[in-house]
Every structure is written in C-alpha cells, then in structure tokens.
Amino acid sequence: MEQVLTAWVWSCHEIGTSPSRRLRRQGFIPAVVYGKAVPNGNLPIKLSAKEALKVLGQTIPEAGKPVRLRVQTEDGVLEFDTVLQEVQRDPMRLTLRHLDFFVPAVTEAQAPADLAPAA
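Note that the structure is a prediction, hence the values are computed from the model and not measured. (Residues numbered from 1 in each chain as written. Predicted model: local features only at pLDDT ≥ 70, side-chain atom pairs only at ≥ 80, totals over all residues. Heavy atoms only, no water.)

A. A look at the nonpolar core. Counting 21 residues, the largest nonpolar core has V33, I45, L47, L69, L99 and F101 as its most contacted members. Listed by contribution, the elements that provide at least two residues to this core are β1 (3-9), β2 (28-34), β3 (42-48), α2 (49-56), β4 (66-72), β5 (77-89) and β6 (96-102). For L69, the contacting residues outside a window of four places in its chain are L5, V33, I45, L47, L78, E79, F80, T82 and F101. (Core = buried A, V, L, I, M, F, W, Y, C linked by side-chain atoms within 4.5 Å. Buried < 20%, exposed > 50% of the residue type's maximum accessible area, 1.4 Å probe, protein only. Helix = DSSP H or I, 4+ residues; strand = E, 2+ residues; numbered from the N terminus. Contact = heavy atoms within 4.5 Å.)

Structure follows, in structure tokens:
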C-alpha cells in the first residue's frame, strides 16, 4: 500500500534556521522534494507533523520508503510518486526535524502504455 501525504509549498523567503524553528513550533515539519520531474529541480514544502507520523509511522521511518506526495500550491495541486531519501531527527526529543523526498525519473520502459510515444 502506497502512503499518501499532504504537503504545502513553503515560501523561499521563509527558508533558514529561525523560520524552520517557527514552523516546527506551529506543528509542521520542513521538507524538500527534488528530482527532474519537480519544477525548478527542488521544491521546499512543509508537512503536518501529526499526519507525517501517522503515514510514516511512529518509529524512525526508513529511507527508501515509497510515499505519494500531494503538494498544495497557489496554482493547484501537484502529485509526486516519491521515495523517502533522508530523515533527520532530533537526538534528544526523537522528533522529526527534516525530510527529503526524491522523485525518480520515469524511463520509457517504466512508463504506462497510455503515456508511450505514438509510433
């Protein structure tokens, strides 16, 4: 079963240590989605901490876990099939601090038949 996680775009004006701390106090986890299918190569996002723990599990999530991300943007919704690439946890509180999601490139061999190029 593939996990579905809802996220929101995090403004690039808010990136840094202080905004990240503020975001965590509000109950979110800063994260990033990157890969060739992502606009501009990477996309900073924020996730609800409660939803992330429910979807990824209460224990330490393992890298390589497939996750479907539904990212809410100003223009609409973007969906990505991702792989959890890296997990950063607070060593004392054992809370999630940051997540990295990678969008693997889809090759022609992996693409569904309805998306295959016309002959």
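B. Structural context of the side chain of T6. Residue position: T6 is located in strand β1. Each residue touching T6, except ones within four places of it in the same chain, is listed here: L47, E51, R70 and Q72.

C. Here's a closer look at helix α1 (residues 17-25). Looking only at α1, the buried set comprises P19, S20 and L23. Buried residues along α1 cover an arc of 100 degrees about the axis, so they all sit on one side. The exposed set on the far side of α1, more than 90 degrees from its buried face, consists of T17 and R25. Residues of α1 that are buried in the fold lie against β2 and β3. The first or second residue beyond α1 is G27, which carries a positive phi of 95 degrees. (Arc of directions from axis to C-beta.)

Treat this as a map of the structure, not an account of what it does.
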